[in-house]
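# Results of the structural survey
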Amino acid sequence: DGGITQSPKYLFRKEGQNVTLSCEQNLNHDAMYWYRQDPGQGLRLIYYSQIVNDFQKGDIAEGYSVSREKKESFPLTVTSAQKNPTAFYLCASISRGAGANVLTFGAGSRLTVL
Amino acid sequence: AQSVTQPDIHITVSEGASLELRCNYSYGATPYLFWYVQSPGQGLQLLLKYFSGDTLVQGIKGFEAEFKRSQSSFNLRKPSVHWSDAAEYFCAVAASNTGKLIFGQGTTLQVKP
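In what follows, the accompanying structure is described. (Residues numbered from 1 in each chain as written. Chains lettered and ligands numbered in written order. Predicted model: local features only at pLDDT ≥ 70, side-chain atom pairs only at ≥ 80, totals over all residues. Heavy atoms only, no water.)

## Observations regarding the interface of chain A and chain B
- Taken together, the 22 residues of chain A in the interface contact 22 residues of chain B.
- At the boundary of chain A with chain B, the tally comes to zero salt bridges.
- There are five residue pairs in polar contact (both at pLDDT 80 or more) connecting chain A and chain B.
- Secondary-structure elements contributing two or more residues to the side of chain A that touches chain B are β4 (31–37), β5 (43–51) and β9 (87–94) of chain A.
- The residue inventory of the side of chain A that touches chain B, partitioned by class, reads 13 nonpolar, seven polar and two charged. (Contact = heavy atoms within 4.5 Å. Salt bridge = Lys/Arg side-chain N within 4 Å of Asp/Glu carboxyl O. Polar contact = N/O pair within 3.5 Å; in protein donor to acceptor, adjacent residues only side chain to side chain. Helix = DSSP H or I, 4+ residues; strand = E, 2+ residues; numbered from the N terminus. Nonpolar A, V, L, I, M, F, W, Y, C, P; charged D, E, K, R; others polar.)

Structure follows, in structure tokens:
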């Protein structure tokens, strides 16, 4: 079945460490997105990529970095510069075909900073 | 700037009762509107979407939503709630073709037996 796989589902990090969250999709979607979810704040866009080797900052990009070397993969690195990284992170993708413009989400990764 | 407001942070209804979750949006052009549902610790699942045409849209799990341009609203409804509907519900708006969604803060639905 096609879908989006996020790993790991749970991750613990010490302060000052960088950590990378994986996002892989086999939907042949062009664009991919990273959202951060905090209780009572909905989802906020971190980064997005509409094509391989290109990406744009979202609303809360500070302290995060991404790469898009392959169409299927869009990893997110949470750097030590992110002041409050404990959150639930959601990856999503979208097709550009007819009847599209609907985001498909992965199951999420929960990051806890100890 | 685009924005979405879900006025109700938490709603409790009895099983079998009707449900309406409110959503108001701010967007200059014709919006693309969505409702997503999230179970605890899971990703988001699309319930329904509005792009154009009939302003009453049907979705999965017996949900429907009505787009009212004059009120800038896209409220979600269900005639009879089931215990399995307990979850968090998000309304979202998108620019026409970017895929970038702006989400509301979410409404947590609790269902009483």
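There's plenty left to go through after this.
## Overview of the sheet that holds strand β7 (residues 64–66) of chain A
Residues and elements named next belong to chain A.
- Strand order in the open sheet made by the four strands is β1-β3-β8-β7, with antiparallel pairing throughout. At either end of the open sheet lies a strand with only one pairing partner, and these are β1 (4–7) and β7. For this sheet, the mean inter-axis angle between neighbouring strands, taken without regard to orientation, is 20°.
- When β7 meets strand β8 (residues 76–78), the two strands line up antiparallel, connected through three bridges. (Pairing = 2+ DSSP bridges. Axes fitted to C-alpha atoms, helices over the stretch in contact; angles between N-to-C directions.)

## Topic: the state of the cysteines
Residue and element names in this part refer to chain B.
- In this structure the tally under the stated criterion is two disulfides over all chains.
- A disulfide bridge connects Cys 23 with Cys 91, and the sulfur atoms are separated by 1.9 Å. In this structure, the disulfide formed by Cys 23 and Cys 91 twists by about -65° around the S-S bond and is classed as left-handed. In this pair, Cys 23 is assigned in the loop between β3 (19–21) and β4 (24–26) and Cys 91 in strand β10 (residues 87–94), connecting sequence segments 68 residues apart.
- You can call Cys 91 buried: its relative accessible area is 0%. (Disulfide = S-S within 2.5 Å. Buried < 20%, exposed > 50% of the residue type's maximum accessible area, 1.4 Å probe, protein only.)

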